[in-house]
Amino acid sequence: MRRAFIDTLCSLAAVDERILLLTGDLGYMAMEPFQERFASRFFNAGIAEQNMIGLATGLAEAGMIPYAYSIATFAALRPFEFIRNGPVLHHLPVRVVGMGAGFEYGTAGPTHHALEDIGVMRTLPGLTVVIPADSHQAATAIRSTYELPGPIYYSLAKDDSKIPELEGRFELGRIQEVREGADVAILAMGSISSEAVAAADELAKEGIRAAVAVVSNFHPDPEEDVARLLRNVPHVITVEAQTLSGGLAAFVATVIASRGLGCRVWPLGVRTPPDGTSGPNRERLRKHGLDRAHVAEAARLALRGVGAC
Amino acid sequence: MSASAQNATVSPVQVRRAILTQSRRANVGHIGSGLSVVEILCALHGGVLRISRPDDPDRDRFVLSKGHAALALYAVLALKGWIEAAQLDSYCGEDSVLGVHPESVLPGVDFSTGSLGHGLSIAVGSALAARLQGSNRHIYCLISDGECNEGSIWEAAMFAAHHKLSNLTVILDKNGQQAMGWTRDVCCLDNLAERWSAFGWDTAEADGHSVGDLTAALNAPRGERPRIVIANTRFGRGVWYMEQGIAITQKHLPQRPVNWHYLPMSEEEFGIAMSGLEEA
């Protein structure tokens with residue numbers, strides 16, 4: 001998804017001189033195409049994320065569209081207040097780009113695991129949050145949102161699992177359905193969506209028809225779409241490589257509760273605090289019950305009415 | 001409008017009168033912080049900032065990073081006629097855009113501030129933007145000495161020096177106080193000029209209560225580096241009991257410098273303060 005980001009940004013920057021790229025000294029073997037082509041519009045802000053967001057705020061007020069890039073935890077969490085009091089408070093087109101969703105920097109350890117960024121960013125109503133599920137959708141999303149007048153947070157995946165049925169579709173305020181099914185719905189967010197699709201395929205072999213939809217943005221929230229999808233489904237499994245506070249599960253539960261829908265939420269996410277361990281992404285997802293096998297099992301349990309997630 | 005003609009009628013005593021009147025009416029504090037920057041704002045809005053109109057995209061920018069001195073800025077803007085004088089009476093009122101900290105919806109407030117350590121990085125971005133756009137607009141940012149506790153100040157200082165942003169000037173209100181005490185007692189800030197110089201900035205000092213001295217320092221020929229003018233000020237300047245940290249009618253409070261960081265004035269204290277201004 002990094003490649004999709006930088007390629008899309010280069011193509012936009014070629015025709016729009018307002019676009020700048022700032023990095024917090026990260027992006028080795030990723031930023032170079034932009035850096036080489038648009039040297040005067042590329043700035044390494046150093047390992048100083050607060051200042052990077054402050055810089056972006058000053059640049060945007062003058063009419064520019066700065067993209068501020070770092071690993072998601074450093075891009076979103078360290079300078080959170082600068083995002084809140086800068087581009088959000090001033091309604092400026094700063095784009096904060098967080099790389100590495102969930103456990104994608106798995107072996108780097110808990111400091112690099114982006115488990116709260118989307119939940120935290122969702123607390124800011126003036127900030128559009130974009131969470132592409134794969135590279136194709138990332139390219140569409142970055143292109144279609146780049147001229148929004150307000151600020152945007154992009155949660156981008158380091159790894160890239162393709163979801164062919166998604167065909168790169170993205171629309172603000174909408175979800176994208178990739179599997180139809182009336183027995184159970186699976187709503188997924190970010191690159192982990194490929195696990196949800198794989199789980200639906202497993203379930204299909206057992207005769208369980210699972211609808212799968214990707215939630216890839218908030219503010220505007222895809223509330224109508226989610227309500228429509230869940231109106232006639234008894235169970236929904238939410239899948240996110242995030243803690244459960246403030247992210248996808250919280251959003252879906254609010255839609256269901258506020259509309260009085262009869263659908264039950266089975267939230268899959270990170271429930272436990274850091275325990276000092278780390279490991280590859282796939283192993284982390286398995287450990288936290290977020291891989292395809294656990295998603296499928298959650299659906300089976302839901303349909304059997306057994307226990308709780 | 002020439003820079004020197006913009007604000008010929010705004011005098012420090014008028015600004016102080018407005019600060020005291022509004023602080024008393026609204027019954028709020030942060031009075032001493034506002035009083036210490038009066039001459040700095042009068043210099044900036046007198047003969048330094050080049051602003052033909054507040055919404056000119058190519059105007060000089062001013063970032064009041066020590067946002068808790070906003071009332072002093074509101075007073076200057078009202079005296080300049082950029083905001084209605086009557087609007088000052090909405091200070092700290094219901095649904096008001098004149099809060100204790102400034103909001104950029106007001107003409108003359110380029111950026112909303114209030115969280116210390118934030119404004120300088122915005123100013124650095126603003127200076128970088130001016131350079132990229134080939135504009136000769138200049139960016140001014142007013143910070144406080146206590147604000148230099150914030151690590152983000154030094155992040156911004158490093159970036160500005162590295163990129164030789166000579167179109168950026170910082171004014172440091174060195175009044176020696178912060179919320180809970182003397183800056184030297186909270187987290188030592190000795191040798192501030194040397195610290196900024198070591199970070200790659202040109203440094204200068206000025207009498208922070210002399211509009212002439214400040215104007216000369218701010219308009220001095222610029223080199224190739226960002227510049228900081230350290231303005232030596234007194235907290236609560238112009239009100240003797242605030243300068244000495246004495247709460248006259250709140251006798252249970254010990255004499256200490258921080259009293260007038262937060263205290264609102266009683267009616268008696270307001271009267272003494274206003275009388276002192278007229279006699280000065």
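Residues numbered from 1 in each chain as written. Chains lettered and ligands numbered in written order. Predicted model: local features only at pLDDT ≥ 70, side-chain atom pairs only at ≥ 80, totals over all residues.

Trainee: Just checking my understanding: could you explain the overall build of chain A for this structure?
Mentor: What chain A contains, in helices and strands, is 12 helices and 12 strands. When the 309 residues of chain A are sorted by exposure, 56% land in the buried category. Residue pairs in contact within chain A that sit at least 24 positions apart in sequence constitute 78% of those at least 6 positions apart. (Helix = DSSP H or I, 4+ residues; strand = E, 2+ residues; numbered from the N terminus. Buried ≥ 20, exposed ≤ 12 C-beta atoms within 10 Å, placed from the backbone. Contact = placed C-beta atoms within 7 Å.)

Trainee: Would you take a moment to explain helix 10 (residues 248–259) of chain A for this structure?
Mentor: In an α-helix, one turn spans 3.6 residues; hence positions three or four apart end up facing the same way. Residue and element names in this part refer to chain A. Taking 1.5 Å per residue as the helical rise, helix 10 with its 12 residues ought to reach 16 Å, and the 17 Å between its terminal C-alpha atoms agrees with that figure. For helix 10, the set of buried residues is L248, A249, A250, F251, V252 and V255. Residues of helix 10 that are buried sit in contact with strand 8 (184–188), strand 9 (210–215), strand 10 (217–218), helix 9 (223–230), strand 11 (235–243) and strand 12 (264–270). Positive backbone phi, approximately 65°, marks G260, located one or two places after helix 10. (Expected span 1.5 Å × (residues − 1).)

Trainee: Sorry if this is basic, but what is going on with the domain arrangement of chain A here?
Mentor: Many descriptions give the size of an interface as the accessible area lost when the pieces come together. Residue and element names in this part refer to chain A. Considered domain by domain, chain A is made up of domain 1 (2–156) and domain 2 (173–304). One C-alpha centre belongs to domain 1, the other to domain 2, and the line joining them spans 26 Å. The partner domain 2 presents 24 residues to the 28 residues of domain 1 that form the contact. Listed by contribution, the elements that provide at least two residues to the side of domain 1 that touches domain 2 are helix 6 (117–121), strand 5 (128–130) and helix 7 (135–145). Among the residues making up the side of domain 1 that touches domain 2, the classes are represented as 15 nonpolar, 9 polar and 4 charged. (Domains from an automatic or database assignment. Nonpolar A, V, L, I, M, F, W, Y, C, P; charged D, E, K, R; others polar.)

Trainee: Please clarify how the sheet that holds strand 7 (residues 227–232) of chain B should be interpreted in this entry.
Mentor: Whether parallel or antiparallel, the strands of a sheet pair through hydrogen bonds between backbone atoms. Residues and elements named next belong to chain B. One open sheet holds the 5 strands; their spatial order is 1-2-3-7-6, and the pairing between them is parallel. Two strands lie at the open edges of the sheet, namely strand 1 (61–64) and strand 6 (202–207), each paired on one side alone. Sheet twist, expressed as the average angle between the axes of neighbouring strands with direction ignored, equals 20°. Sheet strands touched by helix 9 (residues 211–218): strand 3 (168–174), strand 6 and strand 7. Its angle to strand 6, the strand with the most contacts, is close to 165°. (Pairing = 2+ DSSP bridges. Axes fitted to C-alpha atoms, helices over the stretch in contact; angles between N-to-C directions.)

Trainee: Would you mind going over the interface of chain A and chain B with me for this structure?
Mentor: The interface is formed by 20 residues belonging to chain A together with 20 residues belonging to chain B. At the level of secondary structure, the elements contributing two or more residues to the side of chain A that touches chain B comprise helix 3 (49–61) and helix 5 (80–90) of chain A. It is helix 3 of chain A that provides the largest number of residues to the side of chain A that touches chain B, a total of 9 residues. A breakdown of the residues in the side of chain A that touches chain B according to their chemical character gives 9 nonpolar, 9 polar and 2 charged.

Trainee: What am I meant to see in the packing of helix 9 of chain A against helix 10 of chain A here?
Mentor: Relative placement of two packed helices is described by the angle separating their axes and the distance separating the axes. Residues and elements named next belong to chain A. In contact at an axis separation of 10 Å, helix 9 and helix 10 are set at 70° when each is read in the N-to-C sense. In terms of their interaxial angle, helix 9 and helix 10 are classed as roughly perpendicular. Residues E223, V226, A227 and L230 of helix 9 form the contact with helix 10, whose participating residues are V252, V255, I256 and R259. In terms of residue class, the contact of helix 9 with helix 10 is built from 6 nonpolar, no polar and 2 charged. (Parallel < 35°, antiparallel > 145°, perpendicular 65-115°, else oblique.)

Trainee: Any chance you could explain the packing of helix 3 of chain A against helix 5 (residues 119–132) of chain B here in plain terms?
Mentor: Contact geometry for helix 3 of chain A and helix 5 of chain B: axes closest at 6 Å, N-to-C directions at 50°. Here helix 3 of chain A lies oblique to helix 5 of chain B, going by the angle between them. Like other packed secondary-structure pairs, helix 3 of chain A and helix 5 of chain B cross with a definite hand, here right-handed. When helix 3 of chain A is examined against helix 5 of chain B, the residues A:Q50, A:N51, A:G54, A:L55, A:A56, A:T57, A:G58, A:L59 and A:E61 are found in contact with a partner set consisting of B:S121, B:I122, B:A123, B:V124, B:G125, B:S126, B:L128 and B:A129. Residues of the contact of helix 3 of chain A with helix 5 of chain B, tallied by class, amount to 8 nonpolar, 8 polar and 1 charged. (Left-handed = near helix turned anticlockwise from the far one by under 90°.)

Trainee: Is there a simple way to think about the pairing of strand 3 (residues 65–71) of chain A in this case?
Mentor: All names here are of chain A. Most of strand 3 sits out of view: 7 of its 7 residues are buried. As paired strands, strand 3 and strand 4 (residues 95–99) are joined by 5 bridges and run parallel to one another. Paired with I71 across the two strands is M99, which belongs to strand 4.

Trainee: Mind showing me how you'd approach the environment of B:D145 here?
Mentor: All names here are of chain B. As for its position among the elements, D145 is in the loop between strand 2 (139–144) and helix 6 (151–162). Along the chain, D145 and N175 lie 30 residues apart, while their C-alpha atoms are 7.1 Å from each other. D145 has contacts with L172, D173, K174, N175, G176, T183, L189 and L192, leaving out every residue within four places of it along the chain.

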